[in-house]
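Chains, contacts and geometry: an overview
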Amino acid sequence: MKKKIFLREKDICILSLIVESYLKEGKPVSSSLISRKSRFSISSATIRNIMVKLEREGYLYQPYTSAGRIPTDQGLRFYVNGLFEKAFIPDKQISLPSENFLMGKGDLTALLSKVSKILSEYSDNLGFVISPRISKININYIRLIQISEGKVIIILVSSSDLILSKIVETEDYFTQDELDRAARHVNENFRGTNLLLVHDYLIKEFPQYKLKFEHTINKLMLFLKSYLLQEEKEDQIFLDGTSKLLEKAELFDIKRLKSLLQKIEEKAKLAKLLSDFISLDRVKVLIGSEIDSPEISDCSLIFSHYGYESQVLGSLGIIGPKRIPYKNIIPLVDCVAKKLSYTISFVQ
């Protein structure tokens, strides 16, 4: 196993300068350029020796003889970790008008679509938001309506007055009266909680309900079981900015870019892929080879979770090339996640 050597302050400074220059210009970085930018008074020859050392350790590579150096995924990772270790200030101040979020208030689908657009517009990359599952949303009011045999629509008003709806396919038969009684039971007894907790509570406490509400509770449990099974197989994703990736086609391997764009067309597959990356970290960054998926191994993925204080509901973030302004986009994703969490959690 190769032994990692300790990087001195001078090494770190030069590596950071190389990364920042490459992120801005997209060209191999020369020792003479670093000599002009470095806060240390050192010669180009000394800088070249440090660059050779950084290349040997896997932080840089030289695309061809006599060229400057380009950061590897490992070099980009070291740089990004350094950003998280200090309270860094983005090059551009983030100012997201609150009305951008409040425009979608009342309709969760419109809100999440708007948030994906904000992420794309402010980052100049692909913005995504993975929708929360209805079973995790705190309930203010719920209605169940039979629209055909084997199909029931859930209409849920959250504690923050957001409206969600979902068609549920079920093999069990329900009359509209049974659905009304089941919804009324939830509204009267479980306001402020969510359907997942309702389901678990009813399974645990069913014996004490048996005499008074046996039929209603049976029907409610059958319905919740059908919905939760269906929900496990579905993740809805909102995307904006596919054209922005096409405008940066030279930064990607063409075959992988085509594969990624195909995944974007097949939203369910992309949602499943991104759901696997949901993290409890405030903001997480995955770079190139760190992403165990060929379709996006040419990309960087910067994402965060949103939701209630004690419940993760979904994730959002940016997909872009590895040459991306991390110093600006990391705080952007963090800011948007916080604003969306506040909007969803706020109770009138």
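Our subject is the structure that appears above.
Okay, so let's go over this structure. (Residues numbered from 1 in each chain as written. Predicted model: local features only at pLDDT ≥ 70, side-chain atom pairs only at ≥ 80, totals over all residues. Heavy atoms only, no water.)

1. Points about the overall build of the protein chain
Convention followed: The helix count covers DSSP runs of H or I at least four residues long, the strand count covers runs of E at least two residues long, and both are numbered beginning at the N terminus. Only protein chains enter the area calculation, which uses a 1.4 Å probe; residues under 20% of their type maximum are buried, those over 50% are exposed, and those in between are partly exposed. Note on contacts: a residue pair qualifies if any of its non-hydrogen atoms lie within 4.5 Å across the two residues. Here the accessible surface of atoms and residues is derived via Shrake-Rupley with a 1.4 Å probe, and residues count as covered only by protein chains that are part of the display.
When helices and strands are tallied, the protein chain shows twelve helices and ten strands. Counting the 348 residues in the protein chain, one finds 49% classified as buried. The long-range share in the protein chain, meaning contacts at least 24 apart out of those at least 6 apart in sequence, stands at 64%. Summing over all exposed atoms, the protein chain offers an accessible surface of approximately 18,000 Å²; the carbon and sulfur share of this is 51%.

2. Points about the side chain of Ser 160
Let me state the cut-off plainly: Polar contacts here mean pairs of N or O atoms no more than 3.5 Å apart (in protein, one a potential hydrogen donor and the other a potential acceptor; neighbouring residues in sequence count only if both atoms are side-chain atoms).
Considering the arrangement of structural elements, one finds Ser 160 in the loop between β5 (151–158) and β6 (163–169). In terms of polar contacts, Ser 160 uses its side chain to reach the side chain of Ser 158, at 3.0 Å. Polar contacts involving the side chain of Ser 160 include one to the main-chain carbonyl oxygen of Ile 344, which spans 2.6 Å.

3. As for the packing of aromatic side chains
In plain terms, the rule: Note on aromatic contacts: the rings of Phe and Tyr and the six-membered ring of Trp form a pair at centre separations within 6.5 Å, being stacked when their planes are under 30 degrees apart, edge-to-face when over 60 apart, and tilted otherwise.
Inspection of every chain in the model, using the stated rule, returns three aromatic pairs. For the ring pair Phe 190 and Tyr 201, a centre distance of 5.6 Å and an interplane angle of 70 degrees mean the geometry is edge-to-face. With Phe 190 in the loop between α7 (176–189) and α8 (195–231) and Tyr 201 in helix α8, this residue pair connects regions lying eleven residues apart in the sequence. What makes Phe 190 buried here is its relative accessible area of 8%. A relative accessible area of 34% means that Tyr 201 is categorised as partly exposed.

4. Re the sheet that holds β6
Rules: Two strands form a pair only when DSSP identifies at least two bridges running between them. Note on geometry: axes are lines fitted to C-alpha atoms, helical ones only across the stretch in contact, with angles between N-to-C directions running from 0 to 180 degrees.
Pairing is antiparallel across the open sheet formed by three strands, whose spatial order is β4-β5-β6. Each edge of the open sheet is held by one strand with a lone partner, namely β4 (139–148) and β6. Taking each pair of neighbouring strands and ignoring which way they run, the sheet shows an average axis angle of 20 degrees. The strands that α7 touches are β4 and β5; relative to β4, the one it contacts most, it runs at about 170 degrees.

5. Structural notes on the environment of Arg 282
Among the secondary structure elements, Arg 282 is positioned in the loop between α11 (267–275) and β8 (284–287). On the basis of relative accessibility, which here comes to 55%, the residue Arg 282 falls in the exposed class. Along the chain, Arg 282 and Ser 304 lie 22 residues apart, while their C-alpha atoms are 5.7 Å from each other. If we skip the residues at most four places from it in the chain, Arg 282 touches Phe 303, Ser 304, His 305, Asp 334 and Lys 338.

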